[in-house]
Structures are given as C-alpha cells and as structure tokens.
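Structural overview
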Amino acid sequence: MRYNKNYGKILLTVFFFIMIGVIMAKSHPLKICINIVSIFKQEMISDEKSELQQDVTGRIETELDKVEEDFVENMWHKELFLNLSGKMARNMNMQGFYSNLGIYVTDDYYIVGRYSYTTTDYEYEQIIDFKDWLDEKGINLLYVNAPIKYVEDELLMEEFGVATYSNQNADLLLQRISDAGIDYIDLRDNLKEDGMNVYDMFYRTDHHWNTESGLWATKVIAEALNEKCGYSIDTHVYDNSQYTFTEYKNCWLGEQGRKLAVSYVGLEDYTLIKPKFDTDFIITRDGSGTREGTFDIMIDETILKPNKDIYDGPSWHYTYMSNGIHESEVQNRNVKEGKVLILADSYSQVIVPFLAIGVSDVKTLLLRYYEKSLREFIETNEFDTVIILYAQSMIGNHDNPASINYDMYTFK
Amino acid sequence: MERLKHQIIPYMQHYIFPFLDKFNQGLCQDILNSIIGGDGEAFHERRITFEDFSEGTYRFIIGFNKKILLANTLANITGETFSAGSGDVSMQLVWLGAICYSMQLFFDFSGYSDMAIGISQMFGFGCPENFNYPYMTASVSGFWRRWHITLGAWFRDYVYIPFGGSRVKNKNRVYLNLFVVWLLTGIWHGSSWNYIFWGLAYFIVIAFEKTTGWPEKLESRLCRILYRIGTLLFINFQWVIFRADGMKAGLMYMKSMVWCPQNALADARAGFLFRDNFVFIIAAILLCFPIIPSLEKYFEKRKSTRLVWNTVLAIINGMLFLWAVSLVIAGRNNPFAYANF
C-alpha cells in the first residue's frame, strides 16, 4: 500500500507507542501473561476434573480483567487523566456523567445521590421489636433521623428528571414509629426551625455533613436526651462561643468528588472545631488500645494536609476519631452521668467526640461490621440509653442483600 | 422408513452434503486468506512498512475513540431507557433510547472493526472493510451492503450462492434462498425468538424490494426520500427488537414508541439526558455521514492544505485519544471508601 507521507499520523504513532511503553513499564503485563500461561498449563497437565479446571475460562477472564485494573492503577500521572475527564465533563456541563452510579451534580457543583423507594416494613418491625426489648430492660431508645444532602426529593425530579425517595422513605418510617409511641428526632425539622440551609450543612463533594453540622446536631441530641430521657446535660457547652473554629479553604476533595475529579467540582473547605474549655478523656478501641488526654486525642491533625494527595489521601471527614468509631468507648472524666450506646454510621465521626463532652460514657457500634449479639452487648454494658443515629439514606438498604448496609436495621 | 430411504436421503446427498463440503472448504480458505492475506505466495511477499504501521495505528486510535467516546457514552442512555419499566417511560424517552442505540451499536461495532483492521494493517495484513456509512442507505437491501459487510458477504458466498442464489430457474426459489439466509442470520446473532423475528423481518422487506424493484424504480424524488426515511425507521425499529430482553420486551418498547401515556417525569428525564449528552449525540449523528472523507477529499487536492489538514486531524485524534483514555481511567477509578457509604 502506498501513501503520501502523512507526518501527522507518523507523529501520532510515535506518541501512541511511547504511551504504551510507559504504561507497560509501570504496570505488570508480563506477570499477568505468566499467570494466564500457568492457568493453561494446569489445565493441560491435570487429569482430574477439578472445579479449578472447569473454571478455566472464568479464571482467565479474571486475569484479563486485572490487565485493565493494573493499567489504571499504575497509570503514569493518573490524576492528570482524572482531571482531564472531569474538565471535559464540566465544560460540557454533564451533570449526570455518573448517573449510572446514582450521583448527579447540581448547578453549584453540589453532588447529590439518588435513593430507591422502600416500604420501610423491615426497619419499622425491627425498631418496634427492639424498643419492646429495651423497655423490658428499662433502657431508653432515641431514634435520630439525620438528613441527606437535600430535604426535598423534588430537587432531583426537577433538575434531572429522576425519581428519588429518601425523604419520602424517612417521612413514612418516622410517621410509623411515631404512631407506635417511639421518641425520635427528625433533624430536618430542627434545621428548618433554626433557619438553617441544608446545602450549607454538607460538603459539596462528600456525602457527609460538615463539622459545624456535627456540633449543631450534637446539641439537638443533648437537648433531646434531657427532655425525653431525663438527662441533665448543660447544653450551653455546645454553644459556638465555647469553641475555636479553624478554617481551611479549598483544601481537600470529598469521596464523591474523587469520582468526578477536582477539575469538575473543585476542592472543599474544612473547619476544625475544638473546645476552649478543659477536657479529660479516656478513649478505648479494640485493636488500638487506650489513650488518655484532652479533646485533642480524638483529632488526627496529620490528615489535614491542604492540597496534598487529594485523590489518595484519607478523607478529612475522618479527622475526628480517625481510628474509627466502631467498638470505641469514650469516657469523660469531667462528667459523672450518662452511659450511652450509639448505633451509628459514618455521620457519627463528628458526633461521638462532641456528645462525649456532655455524657460520661459513649460507646459506638456500626452494625454493618458487628457480628455478635447486640442485645448481649447492651445487657453486659448496662447502658441507660441507646441512640440510633443514621443518615436517612440507610432506610431501604435491607431491600438489597448485596448492600454493605444490609444489617444496619437488624437489632438482634 | 421407506420415505427416509427414497426421498430424504437422496435430497440430503444431492443438496446438503455438497453444500456442507463447499462450506467447509470455503471456511478453511477464508480463514487462511484472512490470516495470511492471500495465498502462500502472497504471504511470502507481505512486508511490514512504517507507512502501513502508522496507518494501522491511526486506524486503531480512531476505533478506540469511537468505542469509548461515542459508543460507551450512548450506552448509558440506552441502558437506562431499555431497562425502564413500561410505567416509567414516555414517547420522548423511548425514541431517544432507540435512536441512541442505533448509533451506539454502529460506533461500538465499527470501532471494534477499526481496531481489528488497524492492528492487522500494522503487521501488513489486509482486512476487508466492515462498514460503509450504513445509515446513508437508500434501501434495506442497500443497508446490508454497508453494515457488517463481511457477514453479508459470508452468507452470500457460503449459503445464498451454493443454494443457487438468484440464478435459479424457479423464481420462487430465490425467496426460499433469501428466507434461509435471513433465518440463519437471525440465529447467528443469538438463539432467541427476537433475533429470529429480527432476521425474518429483514427477509420480508428485502423480498419486497426484490419484487417491486423499489426504491430504484420509484420515479418521484419525493417518493425516494420518503422511502429512505421509511428505511431508517424500519432499521431503527429492528434495532429495538435486537436490543430488547426478549420478544415481549421488544414489542412493548415498540408500542411505547408508537403510543405512550403522558409521563411528565419521563419527559423531563428525556430532556435532561439529551441536554446532558448533547455534544455526543450530535457528534454521533454527524459522524454517521461521510463528512470527514468529504473534507479529506477537498483538502487533499493541494499539498499545502493536505499538510495542514493531516496535521490538524492527527492532533484532534490524538487529543480525543487522551480523552478516551481518561474516561477509561475515570470509569475504573473507585475511591476507596465510597462503596462503604
């Protein structure tokens, strides 16, 4: 075949093979090829019809899948490509670029998620049964509904033409447990009463609420503990004037934002909140031992590295209780009353430290990880109150057996 | 038993076994030709030149860009529309899904073909073209001379012609031959009733065109234009049957395309999907036409414009390639803690 010399194509060819060369040098194609050859060798030499032999195709597909995974993981300057993808999506105003993952971007680059409808039957039955059991033991139950990033499901319908049901699911469940006489707090009502805007309460690029929201929510919970469970927490201890607020601007990227890229949604702000008054805590966590000290032992400031490792570094939401809150115990030596168990999700990373300021003993469990008997744990520890504090998006997870949050409402 | 001995066995000996022999020989020769690009002598004369190598690489890049930028993006729309329940759709939404699927399939398949042709070209092997702007077709018969050309050629050479093709004494036999070809074409695509229906629907229309001589015999230009539009609509409906999860789902989808109750939410969704993917949808529609080859022909006339054109096109394709790679990486990028939410 004869062509007039096309220098553009020649240069593109050279560029293409330089890219392939760099990718091959950084990734492990040779290792994967050796694995595939060894699978074939096993198939040829084995006389027995083993499960492995019959699954040769599956194993080869797994190895081939690793090629793409390996290539992506080891891509030279992967973040440049992520940013290119994000930049193009932003330039073309593609708000539903990852709608297949159920996430959308509003006009203010605020990432929101979509949630399915549920009957709430499982959650309701479990809460009722749990409440009955706690009543027999003389233990208070307080259900706290934490909002998601929007309080009206119509937002997604109007902006993106998709139906979402998180707020409707929460309304239904709370109505049902209210009719059954169970005390609850719906923080959506509290934020409206306090004149707050839900969009200011959450990170734009992360599904969690911010530290200011954590402090505010803790005050609401403390007031509810006083009113409904007979506590006498001095709620003035949660006034903003009692804390220092250190602001970090445009410094980190939330978990949702890491999918869309910083070039699309931009970086987040962060506020580190610390009490001005004296504190004295003991923190115990299985696997991490025991630590004693001021409120500062609940903060890991090594996470706070502005503009560094924005894709791979830890999420700043986990600055508080960075070792994890599951199976943790926080004891406040300055307070004599109150022994609380929080059945929590990751929202409670910024609740537990502040609640421990007003309560003597706060233990936390994340039921998605807890495999033992919850009721035995409660009996053994003699709590006076159990708080179920979930983001309302937890409602409905039991409809999907593959969900990591499948057992969050299983209170056995 | 007697019938078997006196009628069926001779029939098989006279028609089926020779066909199978020829099929086998032809298949082996075809594979040989594909692999070595011709006969033994040609094989030894095959040379790998840098021009071929760069042309092949360029072709591969174009195929990759088509697949990732166009096909995969349009697949997000079609995946949603084809999996929606009948109560969750509107006419706008299903038409958007159907048209996007027609383009998704084209760019997906032609993208893979380009990559295969490009890799072969890099090593000095010639592979036949598989697509020739199929949606430019004026008739359904013409469509199959532009779409998956190698498949059509294979069925022509190893099924239609051995059965006698069009050169049979009994003209009705032509239709039988066509019927067999399209039944097998449907089955080739999948062992499901919707594929068989899809193949036989093509048989009906192609038989109609053969009988009437349309659209070539249509004298009025308006009639030929209308026939072309009708052809595209027919092909579009056929792709709906092809894509659907079974015959029933396909018919339900087609019914929604013809009539659907008002659904404001689905309309809003269709509007959003169109706006959100506007650039890709428009680019896909434009690239269904031979715009690039026409521009190439225009700029190739003079050396100076040829150089500029070739360079600009290479830069654009290079940038599109980087963008396509970024989409692959972003698609695989799963931030460590996100799934735990």
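Residues numbered from 1 in each chain as written. Chains lettered and ligands numbered in written order. Predicted model: local features only at pLDDT ≥ 70, side-chain atom pairs only at ≥ 80, totals over all residues. Heavy atoms only, no water.

Moving on, we come to the packing of helix 3 (residues 50-83) of chain B against helix 4 (residues 91-122) of chain B. All names here are of chain B. Closest axis-to-axis distance for the helix 3/helix 4 pair is 6 Å, and the angle between their directions is 160°. Between helix 3 and helix 4, the interaxial angle falls into the category roughly antiparallel. Once helix 3 is placed against helix 4, the crossing between them reads as left-handed. Here the contact of helix 3 with helix 4 is composed, by residue class, of 22 nonpolar, eleven polar and seven charged. (Axes fitted to C-alpha atoms, helices over the stretch in contact; angles between N-to-C directions. Helix = DSSP H or I, 4+ residues; strand = E, 2+ residues; numbered from the N terminus. Parallel < 35°, antiparallel > 145°, perpendicular 65-115°, else oblique. Left-handed = near helix turned anticlockwise from the far one by under 90°. Nonpolar A, V, L, I, M, F, W, Y, C, P; charged D, E, K, R; others polar.)

Here we come to the confidence of the model for chain B. Any residue range with low pLDDT should be treated as having predicted coordinates unsuitable for detailed reading. All names here are of chain B. In this model, chain B carries a mean pLDDT of 85, and residues with pLDDT of at least 70 account for 84%. Low confidence marks residues 35-44, where pLDDT is under 50. Its contacts with residues over four positions away, or in another chain, come to nine contacts. Taken together, the stretch residues 336-341 has pLDDT below 50 and engages in 21 contacts with residues farther than four places along the chain or on a different chain. Two numbers describe this predicted complex: its pTM, 0.85, and its ipTM, 0.85. (pLDDT = per-residue confidence, 0-100. Contact = heavy atoms within 4.5 Å.)

In regular strands, side chains alternate between the two faces of the sheet. Residue and element names in this part refer to chain A. With seven of its seven residues buried, strand 12 (residues 385-391) lies for the most part within the structure. Of the two faces of strand 12, the one lined by Thr 385, Ile 387, Leu 389 and Ala 391 and the one lined by Val 386, Ile 388 and Tyr 390 are each fully buried. Here strand 3 (residues 140-146) pairs with strand 12 via seven bridges, running parallel. Counterpart to Tyr 143 in the pairing with strand 12 is Ile 388. Pairing analysis gives five bridges linking strand 10 (residues 339-344) to strand 12, with the strands arranged parallel. Bridging across to strand 12, Ile 342 finds its partner in Ile 387. (Buried < 20%, exposed > 50% of the residue type's maximum accessible area, 1.4 Å probe, protein only. Pairing = 2+ DSSP bridges.)

With 101 residues, the main nonpolar core has B:Trp147, B:Tyr202, B:Trp239 and B:Val325 as its most contacted residues. Counting residues in each nonpolar core, the second largest holds 71 residues, with A:Trp216, A:Ala224, A:Cys229 and A:Tyr231 among its members. (Core = buried A, V, L, I, M, F, W, Y, C linked by side-chain atoms within 4.5 Å.)

Moving on, we get to the environment of B:Phe131. Residue and element names in this part refer to chain B. Following the sequence through the fold, Phe 131 ends up in the loop between helix 4 and helix 5 (140-143). When its relative accessible area of 13% is taken as the criterion, Phe 131 is described as buried. In the structure, Phe 131 is positioned 16 residues away from Trp 147 in sequence and 5.0 Å away in space, judged by C-alpha atoms. Apart from residues no more than four positions distant in its own chain, Phe 131 is found in contact with Phe 106, Phe 109, Ser 110, Ser 113, Arg 146, Trp 147, His 148 and Ile 149.

All names here are of chain A. With respect to the helices and strands, Trp 133 occurs in helix 6 (residues 121-137). On the basis of relative accessibility, which here comes to 11%, the residue Trp 133 falls in the buried class. Counting along the chain gives 228 residues from Trp 133 to Asp 361, while the straight-line C-alpha distance between them is 22 Å. Sequence-distant contacts of Trp 133, defined by excluding residues within four places in its chain, comprise Arg 375, Ile 378 and Glu 379.

All names here are of chain B. Taken together, the side chains of Ile 285, Leu 286, Leu 287, Phe 289, Ile 291, Ile 292 and Leu 295 define a hydrophobic patch exposed on the protein surface, amounting to about 520 Å² of accessible area. For the nonpolar patch, the secondary-structure elements that each account for two or more residues are helix 12 (278-287) and helix 13 (291-299). The topology assignment puts Phe 289 in the loop between helix 12 and helix 13. (Patch = residues over 30% accessible without salt bridge, like charges linked within 9 Å, V, L, I, M, F, W, Y side chains within 5 Å. Areas by Shrake-Rupley, 256 points an atom, 1.4 Å probe, with all protein chains shown as cover. Salt bridge = Lys/Arg side-chain N within 4 Å of Asp/Glu carboxyl O.)

On to the interface of chain A and chain B. Residue-level contacts link 60 residues of chain A with 48 residues of chain B. Roughly 4,900 Å² of surface becomes buried between chain A and chain B when both sides are summed, with 67% attributable to carbon and sulfur atoms. Put simply, chain A and chain B have one salt bridge between them. On the surface where chain A and chain B come into contact, there are eight residue pairs in polar contact (both at pLDDT 80 or more). Listing elements by their share of the side of chain A that touches chain B, those giving two or more residues are helix 1 (7-26), helix 4 (56-73), helix 5 (78-91), strand 1 (103-105), helix 7 (154-160) and helix 12 (255-260) of chain A. No other element matches helix 1 of chain A, which puts ten residues into the side of chain A that touches chain B. (Buried area = accessible area lost by both parts, 1.4 Å probe. Polar contact = N/O pair within 3.5 Å; in protein donor to acceptor, adjacent residues only side chain to side chain.)

Residue and element names in this part refer to chain B. Its location among the elements puts His 148 in the loop between helix 5 and helix 6 (149-160). Owing to a relative accessible area of 7%, His 148 belongs among the buried residues under this scheme. Once you skip the residues sitting within four places of it in the chain, His 148 turns out to touch Phe 109, Asn 130, Phe 131 and Trp 188.

The next subject is the packing of aromatic side chains. Scanning the model with the defined rule gives 70 aromatic pairs over all chains in all. When the ring of A:Phe160 is compared with that of B:Phe272, the centres are 5.3 Å apart and the planes differ by 80°; the resulting orientation is edge-to-face. Highlighted residues: A:Phe160 in helix 7 and B:Phe272 in helix 11 (residues 264-276), drawn from two different chains. In terms of burial, A:Phe160 and B:Phe272 fall into one category: buried. Between the NZ or CZ atom of A:Lys149 and the centre of the ring of A:Tyr110, over which it lies, the distance is 4.8 Å. The ring of A:Tyr124 is capped by A:Arg176, whose NZ or CZ atom sits 4.4 Å from the centre of that ring. (Phe/Tyr/Trp six-rings, centres within 6.5 Å; stacked < 30°, edge-to-face > 60°. Lys NZ or Arg CZ within 6 Å of the ring centre and 35° of its normal.)

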